[in-house]
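Listed below are the residues making up each chain.
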Amino acid sequence: MAMSFEWPWQYRFPPFFTLQPNVDTRQKQLAAWCSLVLSFCRLHKQSSMTVMEAQESPLFNNVKLQRKLPVESIQVVLEELRKKGNLEWLDKNKSSFLIMWRRPEEWGKLIYQWVSKSGQNNSVFTLYELTNGEDTEDEGNAFPSPPNFKKNFLAMPQGL
Amino acid sequence: MEQAVPGNPSVNHTEIKFDPGTLLLSTHRLIWRDQKNHECCMAIPLSQIVFIEEQAAGIGKSAKIVVHLHPAASNKEPGPFQSSKNSYIKLSFKEHGQIEFYRRLSEEMTQRRWENMPVPQSLQTNRGPQPGRIRAVGIVGIERKLEEKRKETDKNISEAFEDLSKLMVKAKEMVELSKCIANKIKEKQGDITEDETIRFKSYLLSMGIANPVTRETYGSGTQYHMQLAKQLAGILQAPLEERGGIMSLTEVYCLVNRARGMELLSPEDLVNACKMLEALKLPLRLRVFDSGVMVIELQSHKEEEMVASALETVSEKGSLTSEEFAKLVGMSVLLAKERLLLAEKMGHLCRDDSVEGLRFYPNLFMTQS
């Protein structure tokens, strides 16, 4: 169920694509970028990306406005996401990364809640059932693909 | 160079015979050397010869050449005889060579090459006070002369630089001395009259030595700078008001020097005087922006307030570059940029930096949710 993606107002504001020198302004700017990246990846179901892809993706490159966020600034945004726990680097060179638009802890909680609700504590599930089962569709968001899913289990609160 | 023609004649000097010997002909002289006694050697310059004639050989007589000579010159070098009755000598060729020798000698007489070529001076000629001068001929001589010349040049150069190094030593002493005096002034502030102090300090300044009394703290500074500051306050009041209360320091420099006409101010003097404006409670002050740009503004001028009006202007137009803003407001581009940067620093504006240039927008990041 792909929704049409609604770009935030900042996306049409040219200064959004220049890293602001004023510290307070920058904080607001980065916060806006982080939420944009997460919602973009969530909608397009993209959990991993390379920096190269990111540069050319409409996410950081607004062709209509003729503005693109320079790669150094992209790095700053990604670092911000990493600090918040929403991003993990897949290699040492920092060329590709994992995007977790819901942090593992958040997923862990959700799974637990869902499991309790459907009264299926203390039974065994396969990952496949969890990610593709009909029951899970109601949750509004499909669970992320298997590679990430393990992490979510590891992050689940004790007691499951 | 002298050329030699060997022969084996003897010299007859009517009645006085020298034989046998070797006769040598050069471009300049006729040289005869005793065969047995090599120490005995005689020479006649060819210039002394009037003419020569042959005497053919006969029975019992050998071929001869008779050489008629000029009367001896007064500076003649000592020879075998002081004087003689005859004005000629006879060269007797006992063995052979007369014909050849005669031919050669005639040639030399005709060519008179001794007139063209200068002969190396003899040791007796006085050449001035040059004791120990090495005289030599040949390649060795040339080499020795070159060596001498090189040494001479070397000596000249080091002598010249000697003066320079002496000057440097003196300069060092001068600097030490002036530092010492400046310190004394500092310590005994009251003992020396004001006049002298000012004069001395201006000497120091003109020599480029930093005045130790000048500090950047409140109250310090030379009398000269203080007076200058007061003067500037007077000069700049009107122009500042015309220009909206703010001027860059370069503009001030140009204005002031144009007004003075003579006795122009140096940039250092201007800056030092301006640094004292606030301390002296004058109606102007020096302000340095983050970028390093220095301006003079009226005390009454509040740049921060101007920022608010700048924001209005930018908002009206959506966005502006420094140049556009300068044009709208009627300011210099430099000051316009500083104002916009200040507005950004205060959080009223944000920037858009792209290939199109640097533009300033109202800071919607803060104002919009």
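About the criteria used
- Residues numbered from 1 in each chain as written.
- Chains lettered and ligands numbered in written order.
- Predicted model: local features only at pLDDT ≥ 70, side-chain atom pairs only at ≥ 80, totals over all residues.
- Heavy atoms only, no water.
- UniProt positions renumbered as here; feature names shortened; annotations may be inferred.
- Helix = DSSP H or I, 4+ residues; strand = E, 2+ residues; numbered from the N terminus.
- Buried < 20%, exposed > 50% of the residue type's maximum accessible area, 1.4 Å probe, protein only.
- Contact = heavy atoms within 4.5 Å.
- Areas by Shrake-Rupley, 256 points an atom, 1.4 Å probe, with all protein chains shown as cover.
- Polar contact = N/O pair within 3.5 Å; in protein donor to acceptor, adjacent residues only side chain to side chain.
- Pairing = 2+ DSSP bridges.
- Buried area = accessible area lost by both parts, 1.4 Å probe.
- Salt bridge = Lys/Arg side-chain N within 4 Å of Asp/Glu carboxyl O.
- Axes fitted to C-alpha atoms, helices over the stretch in contact; angles between N-to-C directions.
- Core = buried A, V, L, I, M, F, W, Y, C linked by side-chain atoms within 4.5 Å.
- Patch = residues over 30% accessible without salt bridge, like charges linked within 9 Å, V, L, I, M, F, W, Y side chains within 5 Å.
- pLDDT = per-residue confidence, 0-100.
- Expected span 1.5 Å × (residues − 1).
- Arc of directions from axis to C-beta.
- Parallel < 35°, antiparallel > 145°, perpendicular 65-115°, else oblique.
- Nonpolar A, V, L, I, M, F, W, Y, C, P; charged D, E, K, R; others polar.

- Within an unreviewed UniProt entry, the label attached to chain B reads Vacuolar protein-sorting-associated protein 36, and the organism entered is Moschus moschiferus.
- The record in UniProt for chain B states the following under Sequence similarities (unreviewed entry): "Belongs to the VPS36 family."

- An unreviewed UniProt entry lists chain A under the name Vacuolar protein-sorting-associated protein 25, with Moschus moschiferus given as the organism.
- The UniProt entry for chain A carries this comment under Sequence similarities (unreviewed entry): "Belongs to the VPS25 family."

Things to note about the overall build of chain B
(1) Moving on: In terms of helices and strands, chain B carries 10 helices and 13 strands.
(2) Moving on: By residue count, 33% of the 369 residues in chain B fall in the buried class.
(3) Moving on: Here the analysis covers contacts within chain B between residues at least 6 apart in sequence; of these, 47% occur between residues at least 24 apart.
(4) Moving on: As displayed, chain B offers around 24,100 Å² of accessible surface, 56% of which is attributable to carbon and sulfur atoms.

Quick look at the side chain of Asn257 of chain B
Residue and element names in this part refer to chain B.
(1) Moving on: Here Asn257 lies in helix H5 (residues 249-260).
(2) Moving on: A polar atom in the side chain of Asn257 sits 2.8 Å from the backbone nitrogen of Leu265.
(3) Moving on: Not counting the four nearest positions on each side in its chain, Asn257 is found in contact with Leu264 and Leu265.

Section: the pairing of strand E11 (residues 294-298) of chain B
Residue and element names in this part refer to chain B.
(1) Moving on: For E11, the buried fraction is high: four of the five residues fall into the buried class.
(2) Moving on: Where strand E10 (residues 284-288) meets E11, five bridges bridge the pair, whose relative direction is antiparallel. When the sheet's bridge partners are listed, Arg285 is paired in E11 with Glu297.
(3) Moving on: As consecutive antiparallel partners, E10 and E11 are separated by five residues, and within that stretch Gly292 has a phi angle of approximately 105°, a positive value.

Some words on the interface of chain A and chain B
(1) Moving on: Between chain A and chain B, the residue contacts involve 16 residues of the former and 18 residues of the latter.
(2) Moving on: Together, the buried faces of chain A and chain B total about 1,400 Å²; carbon and sulfur atoms form 63% of this surface.
(3) Moving on: Where chain A packs against chain B, one counts two salt bridges.
(4) Moving on: Two residues, Asp352 of chain B and Arg67 of chain A, come together in a salt bridge whose shortest N-O distance is 2.8 Å.
(5) Moving on: Taken together, the links from chain A to chain B amount to seven residue pairs in polar contact (both at pLDDT 80 or more).
(6) Moving on: Among the elements that make up the side of chain A that touches chain B, the one with the highest residue count is helix H1 (residues 23-43) of chain A (four residues).

So, the sheet that holds strand E9 (residues 246-248) of chain B
Residues and elements named next belong to chain B.
(1) Moving on: Taken together, the three strands give an open sheet; going across it, the order is E9-E11-E10, and neighbouring strands pair in antiparallel fashion. Bordering the open sheet on either side are E9 and E10, each of which pairs with just one other strand. Between one strand axis and the next, the sheet turns by 25° as a mean value, whatever way the strands run.
(2) Moving on: Summarising the sheet, E9 and E11 pair through three bridges and their orientation is antiparallel. Residue pairing across strands places Ser248 opposite Val295, the latter belonging to E11.

Concerning the sheet that holds strand E4 (residues 29-34) of chain B
All names here are of chain B.
(1) Moving on: With respect to topology, three strands assemble into an open sheet ordered E3-E4-E5, the strand pairing being antiparallel. The open sheet has two edge strands, strand E3 (21-25) and strand E5 (41-45), and neither has a second partner. Neighbour to neighbour, the strand axes of the sheet diverge by 15° on average, direction disregarded.
(2) Moving on: Sheet topology note: the E3/E4 ladder contains five bridges and is antiparallel.

Comments concerning the nonpolar core
(1) Moving on: Ranked by size, the top nonpolar core spans 32 residues in total, and within it Trp33, Val37, Phe60, Leu78, Leu81, Phe97 and Ile99 of chain A carry the most contacts.
(2) Moving on: Counting residues per element, the ones that place at least two in this core are H1, helix H2 (51-56), helix H3 (71-84), strand E4 (87-89) and strand E5 (96-99) of chain A.
(3) Moving on: Considering each element in turn, this core owes the most residues, nine residues, to H1 of chain A.
(4) Moving on: The contact partners of Phe97 of chain A, leaving out residues within four places of it in the chain, are Ser47, Ser48, Met49, Thr50, Val51, Leu78, Leu87, Glu88, Trp89 and Leu90 of chain A.
(5) Moving on: Formed by 21 residues, the second largest nonpolar core is a distinct cluster that contains Leu232, Ala233, Val252 and Leu286 of chain B.

Examining a nonpolar patch on the surface
All names here are of chain B.
(1) Moving on: Together, Ile157, Phe161, Leu164 and Leu167 make up an exposed nonpolar region whose accessible area comes to about 410 Å².
(2) Moving on: When you line up the elements, Leu167 lands in helix H2 (residues 138-187).
(3) Moving on: Judged by its relative accessible area of 54%, Leu167 falls in the exposed class.

Brief notes about the confidence of the model for chain A
(1) Moving on: Scored by pLDDT, chain A has a mean of 79; 71% of the residues are at 70 or more.
(2) Moving on: Throughout residues 134-146 of chain A the model reports pLDDT below 50, and contacts reaching past four residues in sequence, or to other chains, amount to 26 contacts.

Side note on helix H1 (residues 98-111) of chain B
Residue and element names in this part refer to chain B.
(1) Moving on: Taking 1.5 Å of rise per residue, 14 residues should cover 20 Å, and H1 covers 20 Å from first to last C-alpha, within 8% of that figure.
(2) Moving on: Burial in H1 covers these residues: Gln98, Phe101, Tyr102, Leu105, Glu108 and Met109. Taken end-on, H1 shows its buried residues confined to a sector of 130°, consistent with a single buried face. For H1, the exposed residues lying more than 90 degrees away from the buried face are Ile99 and Thr110.
(3) Moving on: Buried positions along H1 lie against E3, E4, strand E6 (49-55), strand E7 (63-69) and strand E8 (88-93).
(4) Moving on: Looking one or two residues past H1, Arg112 carries a phi angle of roughly 55°, positive in sign.

Examining the pairing of strand E13 (residues 357-362) of chain B
(1) Moving on: One ladder, built from six bridges, connects strand E12 (residues 349-354) of chain B with E13 of chain B; its direction is antiparallel. Looking at E13 of chain B, one finds that Asp352 of chain B is bridged to Arg359 of chain B.

With respect to H1 of chain A
Quick reminder: α-helices carry 3.6 residues per turn. Residues three or four places apart thus point the same way.
(1) Moving on: With 21 residues, H1 of chain A should cover 30 Å at 1.5 Å per step; its first-to-last C-alpha distance of 30 Å lies within 8% of that length.
(2) Moving on: Buried within H1 of chain A are the following residues: Thr25, Gln29, Leu30, Ala32, Trp33, Cys34, Leu36, Val37, Leu38, Phe40, Cys41 and Leu43 of chain A.
(3) Moving on: In the core, the buried residues of H1 of chain A are packed alongside strand E1 (48-50), H3 and E5 of chain A together with E12 and helix H10 (364-367) of chain B.
(4) Moving on: The N-cap of H1 of chain A, judged by a side-chain oxygen 3.0 Å from the amide nitrogen of Asp24 of chain A a few residues on, is Asn22 of chain A.
(5) Moving on: Downstream of H1 of chain A by one or two residues, Lys45 of chain A has phi in the positive range, about 50°.

Here's the deal with the packing of H1 of chain A against H3 of chain A
Residue and element names in this part refer to chain A.
(1) Moving on: Put simply, H1 and H3 touch, their axes get as near as 10 Å, and they point 80° apart. In terms of their interaxial angle, H1 and H3 are classed as roughly perpendicular. Of the residues in H3, those in contact with Leu30, Trp33, Cys34, Val37 and Leu38 of H1 are Val76, Val77, Glu80, Leu81 and Lys84.
(2) Moving on: In terms of residue class, the contact of H1 with H3 is built from eight nonpolar, no polar and two charged.

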